[in-house]
Amino acid sequence: MRSEAAAEPCQWRSSPGVHPVTLDAGGISLSGLWSEPAQEAPRAVIIALHGGGMNAGYFDGQAHPDVSLLALGARLGYTVLALDRPGYGASAAHLPAGQRLTTQAATVRYAVQAFTARRAPGTGTFMLAHSFGAKVAFAAAADWDTDLLGLDVSGCGRRLAASTSLTGSDRGGSLRRLNWGPLSLYPPETFRASQSVVAPMPAREISTVAGWLRLSAAILPRVRVPVRLTFAEHEAWWCHSENDLADLAAMLSAAPRVVTDRLPQAGHNISLGWAARAYHLKALAFLEECLAAKNTKRPGSTTSMSSREG
């Protein structure tokens, strides 16, 4: 693992205390951004996975100081690693078409293991993921729960509300409406500052979108850690009626706890908007609940946290 700024492919401006990094993920170099508490040992490691057509900078928005998850997480005692998923950042040249969902999940797990072994050995891991990154997080969690505290995902349901033909191409500005919603939901500098956050969506990733309903039926029932699901008020990519959320929660049948939340004054790209801080704080509160559950779930304990919450 290297963290020298001059050697890294991530060239965008970062928040103070946020550093570029490159990790060996089973022979594939994945780039990203990371931050850690200034003095104390981290309470947990947060792995942040961006959505399609973005990169790790999504979690370090520069339009306003309140937006960055990487900065907030470090201030509150967590180490945060935002990865460029396979096909983005440093791996784009090696994987120009990207990777399919389950292969991505395996690659991400390699990178996480390399990072935690170096920066926070023995510390629990929590995944926070957005949109397509949420699918990767679910797939990674389906076969990995020994040190995984929980998942917090946003902008990912089971049934698309928009045509799959729109994925990866902007026809008549359709993607702006789907990805962002009303522009007033974002700090004024968002679209200038986010130019370095946007990235081409790899072809294999695009081809996976239409099959998510089928894939999710196989993946979600194997997730065995607490899950929190967030949908923005102006979410346009996914169906998110009460019935849709109930179906999604029901598919997470092995998760000991499923929480659903609706975030007001937010569009699909939650972590770049004015609502980002509220969302990130809620996610971190859920992480604290997962830590508390881990600390009280000792051998011989009869405490159960099985629940479905709306």
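As a reminder, the structure under discussion sits directly above these lines.
1. Digging into the pairing of strand E5 (residues 125–130)
In step 1: Across the 6 residues that make up E5, a large majority, 6, are buried.
In step 2: Neither face of E5 is exposed, since Thr 125, Met 127 and Ala 129 on one face and Phe 126, Leu 128 and His 130 on the opposite face are all buried.

2. Things to note about the pattern of salt bridges
In step 1: Scanning all chains against the criterion turns up 12 salt bridges.
In step 2: In this structure, Arg 119 engages Glu 36 in a salt bridge whose closest nitrogen and oxygen atoms are separated by 2.9 Å. With a gap of 83 residues between them, Arg 119 in helix H2 (residues 101–119) and Glu 36 in the loop between strand E2 (28–35) and strand E3 (45–49) connect regions that are remote in the sequence.
In step 3: Taking the relative accessible area as the measure of exposure, Arg 119 reaches 27% and is therefore partly exposed.
In step 4: The exposure class assigned to Glu 36 is partly exposed, which follows from its relative accessible area of 31%.
In step 5: Residue Arg 222 pairs with Asp 143 through a salt bridge whose shortest N-O separation is 2.8 Å. You can see Arg 222 sitting in the loop between helix H7 (212–219) and strand E7 (227–232) and its partner Asp 143 sitting in the loop between helix H3 (132–141) and strand E6 (148–154), a full 79 residues away along the chain.
In step 6: We classify Arg 222 as partly exposed; its relative accessible area is 33%.
In step 7: Judged by its relative accessible area of 48%, Asp 143 falls in the partly exposed class.
In step 8: Salt bridges sharing partners connect three or more residues here, namely Asp 152, Arg 228, Asp 261 and Lys 282.

3. Some details on the pairing of E2
In step 1: Across the 8 residues that make up E2, a large majority, 7, are buried.
In step 2: Counted between consecutive antiparallel strands, the loop separating strand E1 (residues 19–25) from E2 contains 2 residues, among which Gly 26 sits at a positive phi close to 65°.
In step 3: Where E2 lies against strand E4 (residues 79–83), 4 bridges are found, and the strand directions are antiparallel. In the sheet register, Gly 32 faces E4, and the bridge partner there is Leu 83.

4. Notes on unusual backbone geometry
In step 1: Even without glycine at this site, Ser 131 takes up a positive phi of about 55°.
In step 2: You can see Ser 131 is positioned in the loop between E5 and H3.
In step 3: Exposure remark for Ser 131: the relative accessible area of 13% places this residue in the buried category.
In step 4: Non-glycine residue Gln 265 carries a positive phi angle of around 55°.
In step 5: Within the fold, Gln 265 resides in the loop between strand E8 (257–263) and helix H9 (276–296).
In step 6: For Gln 265, a relative accessible area of 51% gives the class exposed.

Definitions and cut-offs
Residues numbered from 1 in each chain as written. Predicted model: local features only at pLDDT ≥ 70, side-chain atom pairs only at ≥ 80, totals over all residues. Heavy atoms only, no water. Buried < 20%, exposed > 50% of the residue type's maximum accessible area, 1.4 Å probe, protein only. Helix = DSSP H or I, 4+ residues; strand = E, 2+ residues; numbered from the N terminus. Salt bridge = Lys/Arg side-chain N within 4 Å of Asp/Glu carboxyl O. Pairing = 2+ DSSP bridges.

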